[in-house]
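Secondary and tertiary structure notes
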Amino acid sequence: CKTSERKSRGGKGEARSRGAAKEKTLECGQIVWGLAFSAWPAAGAGGTELACAGGLPCLVLATGLNDGQIKVWEVQTGHLLFSLLGHRDVVRDLSFAPNGSLILVSASRDKTLRVWDLSRDGRQVQVLSGHVQWVYCCSISPDCSMLCSVAGEKSALLWSMRSYTLIRRLEGHQSSVVSCDFSPDSALLVTASYDACVIMWDPYTGEQLRTLRHVPLHSALDYSGEVHTSSLRSVCFSPEGLYLATVADDRLLRIWALELRSPVAFAPMTNGLCCMYFPHGGFIATGTRDGHVQFWTAPRVLSSLKHLCRKALRTFLTTYQVLALPIPRKLKEFLTYRTF
């Protein structure tokens, strides 16, 4: 694997003034199926140390490859840090633990998930087996307590990130589940399926809270009697946790307001495969089969004080802990997202 760099077209003085901006290519030697960023701890923070400029955390990129390898790179220098071996088929998705612990989870077509600890020289910590089909997607909850994985099956699997054991199967979809995401406070989990539905779950109890159905917009598009035009490909939460974005085969990007249980915005797009909110909100990136990434302006929302309080509380309280509080029933329903 080689790293190639190309300086910006401006002169040397211009490059210096812009911080020597360069285009960089990481040559992985294989088709890249999955990507995940994480910040490396500053030198001296324990575990594996890297000499980063100014002692600041270095940006790390994990790449899931066609041959089952995972190559982990230091982005600024293009240095290959690890080649993680273990999967026997395509690595379809990757997810770093959000707490900066350098725990990496990989999902593969070999029907397994694997947990790696990059702070211990890329050691394989655990192999999670339970799926009988290709694993498409994995998502670690923001509080790092749970992991959700989905495959070409009608159920999603919820795992403990502490004991690496299966917590429960989430069953409710009528076709293959292909995408999943946790809300920013870890209190909600959404799954998207080829059955054209998004189901919102309480991950602590396994209860289905609501179902969002993708209804074709006949006035906008002619589907010519196709059966699977609304098959979902991807779902993701907005940073404040009040909106969802979905990409479906009906050539639409939808933005949903959870409070309304209906789309509040649409955008026409073809060959959509995945979507992701910008971490600070306001924009959505979508990836397509024909090799493009498109950026869309998303509705900005000023969260109510009620929602901010709920989000703060649910960051450290489970559903069971909320239900045990000596507070009115309506307040419990609000805090557990039974009402908005």
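Our structure is the block above this text.
Below: a short report on this structure. (Residues numbered from 1 in each chain as written. Predicted model: local features only at pLDDT ≥ 70, side-chain atom pairs only at ≥ 80, totals over all residues. Heavy atoms only, no water.)

Description of the overall build of the protein chain
The line we're drawing: Note on conventions: DSSP H or I runs of at least 4 residues are helices, E runs of at least 2 residues are strands, and numbering of each starts at the N terminus. Contacts: residue pairs with any heavy atoms within 4.5 Å of one another. What sets the accessible areas is the Shrake-Rupley method with a 1.4 Å probe; for residues, cover comes only from the shown protein chains.
On a plain count of helices and strands, the protein chain comes out with four helices and 25 strands. Sequence-distant contacts in the protein chain: of pairs separated by 6 or more residues, those separated by 24 or more amount to 43%. Here the protein chain has roughly 16,600 Å² of accessible surface; of this, 54% comes from carbon and sulfur atoms.

A closer look at the sheet that holds strand β7 (residues 91-96)
Going by this rule: Should DSSP find at least two bridges between two strands, the strands are regarded as paired. Lines are fitted to the C-alpha atoms to define the axes, a helix being fitted only along its stretch in contact, and any angle between axes, read from their N-to-C directions, falls within 0 to 180 degrees.
Strand order across the open sheet formed by four strands is β7-β8-β9-β10, with antiparallel pairing between neighbours. Looking along the sheet, the strands with just one partner apiece sit at the ends: β7 and β10 (123-129). Averaged over all pairs of adjacent strands, the angle between strand axes in this sheet comes to 20°, irrespective of strand direction.

Overview of the pairing of strand β21 (residues 252-257)
Selection rule: Remark: exposure states derive from per-residue accessible area (1.4 Å probe, protein chains only) relative to the maximum for the residue type, with buried under 20%, exposed over 50%, and partly exposed in between.
Of all the six residues making up β21, six are buried; the element is thus mostly covered by neighbouring parts of the structure. The alternating pattern of β21 places Leu252, Arg254 and Trp256 and Leu253, Ile255 and Ala257 on opposite faces, both of which are buried. Relative to β21, strand β20 (residues 243-248) runs antiparallel, the two sharing six bridges. Bridge pairing in β21 places Val247 opposite Leu253.

A few points about the pattern of salt bridges
For clarity, the cut-off: Salt bridges are defined by distance alone: a side-chain nitrogen of Lys or Arg within 4 Å of a carboxyl oxygen of Asp or Glu.
Summed over the entire model, instances satisfying the criterion amount to six salt bridges. Ionic pairing is found between Asp249 and Arg233, a salt bridge with its closest N-O pair at 2.9 Å. Here Arg233 lies in strand β19 (residues 232-237) and Asp249 lies in the loop between β20 and β21, a separation of 16 residues in the sequence. Judged by relative accessible area, Asp249 falls into the partly exposed class, the value being 22%. Using a relative accessible area of 23% as the deciding quantity, one classes Arg233 as partly exposed. A salt bridge links Arg254 to Asp250; its shortest N-O distance comes to 2.7 Å. Classification of Arg254 by relative accessible area gives buried; the value is 1%. According to the relative accessible area criterion, Asp250 is buried, its value standing at 0%. Counted as one network, the salt bridges with shared partners bring together Asp202, Glu207 and Arg338.

As for the sheet that holds strand β25 (residues 293-297)
Sheet architecture is open: three strands sit in the order β23-β24-β25, paired in antiparallel fashion. Of all strands in the sheet, those bounded by a partner on one side alone are β23 (272-277) and β25. Shown here is a sheet whose adjacent strand axes are inclined to one another by a mean of 25°, direction ignored. Strand direction decides the pairing type here: β23 and strand β24 (residues 283-288), joined by five bridges, are antiparallel. When the sheet's bridge partners are listed, Met276 is paired in β24 with Ala285.

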